[in-house]
Amino acid sequence: MSSNLQNLYRQVIMDHYKNPRNKGLISDAGYHDVHLRNPTCGDDVTISIKMDDDVIKDIRHEGTGCAICCSSASVMSETLVEKEVGDAVRLAHQFYDIVKGEEVLGDVEDMGDAFVYQGVSQFPARIKCATIAWKAFEQGISELKEGK
Ligand code: ZN
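Just so it is clear, the structure is predicted and the values come from calculations on it, not from any experiment. (Residues numbered from 1 in each chain as written. Predicted model: local features only at pLDDT ≥ 70, side-chain atom pairs only at ≥ 80, totals over all residues. Heavy atoms only, no water.)

A. The arrangement of the overall build of the chain in detail. When you go through the chain residue by residue, the secondary structure sums to five helices and three strands. Starting at the N terminus and ending at the C terminus, the chain contains elements arranged as α-α-β-β-β-α-α-α. Its C-alpha atoms give the chain a radius of gyration of 14 Å, near enough to 15 Å, the size a compact globule of 148 residues would have. Taken along its principal axes, the extent of the C-alpha atoms in the chain is 45 × 35 × 25 Å. (Helix = DSSP H or I, 4+ residues; strand = E, 2+ residues; numbered from the N terminus. Rg over C-alpha atoms; globule rule 2.2 N^0.38 Å.)

See below:
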């Protein structure tokens, strides 16, 4: 493993990978599920969202994949829970800028652990791994808004 790649798997990422927060789906009618796959890496993620009056009350995740993908799902669930929907979507877009190594505009103090994925920008093939859970969240929100 190159030292660059070791950098990529920083302590925070490995911690979320080994001790994922909010893992495991809950069988409850109040949750909306989105399943996404990343065939190039083998990542397979289901995100489950509970929304109440435009506030994200709970985010669960389940699936298999690489450390980047699974840890990112855990970080996403922690970062976006208890946020107002508009803020959560804005944070997801800030996260896409972070992993692409682009300048992040606006208030970033809510991003927390998500900043460790900045190193992913050096590995373009892994950007999809890092963002898949966040994309699933975003898809879930638009489906909920459309009343699906
Ligand atoms: Zn992956």
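B. Examining the packing of helix H3 (residues 67-80) against helix H5 (residues 127-145) more closely. Interhelical geometry of H3 versus H5 gives an angle of 40° and a closest axis separation of 7 Å. Our classification of the angle between H3 and H5 gives oblique. Here the hand of the crossing between H3 and H5 comes out right-handed. Where H3 abuts H5, its residues Ile-68, Cys-69, Ser-72, Ala-73, Val-75, Met-76, Thr-79 and Leu-80 lie against Cys-129, Ala-130, Ile-132, Ala-133, Trp-134 and Phe-137. Residues of the contact of H3 with H5, tallied by class, amount to 12 nonpolar, two polar and no charged. (Axes fitted to C-alpha atoms, helices over the stretch in contact; angles between N-to-C directions. Parallel < 35°, antiparallel > 145°, perpendicular 65-115°, else oblique. Left-handed = near helix turned anticlockwise from the far one by under 90°. Contact = heavy atoms within 4.5 Å. Nonpolar A, V, L, I, M, F, W, Y, C, P; charged D, E, K, R; others polar.)

C. Fine view of H5. Helix length check: H5 (19 residues) gives 27 Å between terminal C-alpha atoms against 27 Å at 1.5 Å per residue, within 8%. The sharpest bend along H5 comes to roughly 35°, located at Ala-133. Among the structural elements, strand S1 (31-38), strand S2 (43-52), strand S3 (55-64), H3 and helix H4 (85-99) are those in contact with the buried residues of H5. Gly-147 lies just past H5 and shows a positive phi near 75°. (Expected span 1.5 Å × (residues − 1). Bend = angle between axes of the 7 residues up to and from the residue.)

D. Just the nonpolar core, in detail. Membership of the largest hydrophobic core comes to 36 residues, with the highest contact counts inside it found for Phe-95, Tyr-117, Trp-134 and Phe-137. Among the elements that take part in this core, H4 stands out by supplying nine residues, more than any other. If sequence neighbours within four positions are ignored, Phe-137 has contacts with Ile-47, Ile-49, Ile-56, Ile-59, Met-76, Leu-80 and Ala-88. (Core = buried A, V, L, I, M, F, W, Y, C linked by side-chain atoms within 4.5 Å. Buried < 20%, exposed > 50% of the residue type's maximum accessible area, 1.4 Å probe, protein only.)

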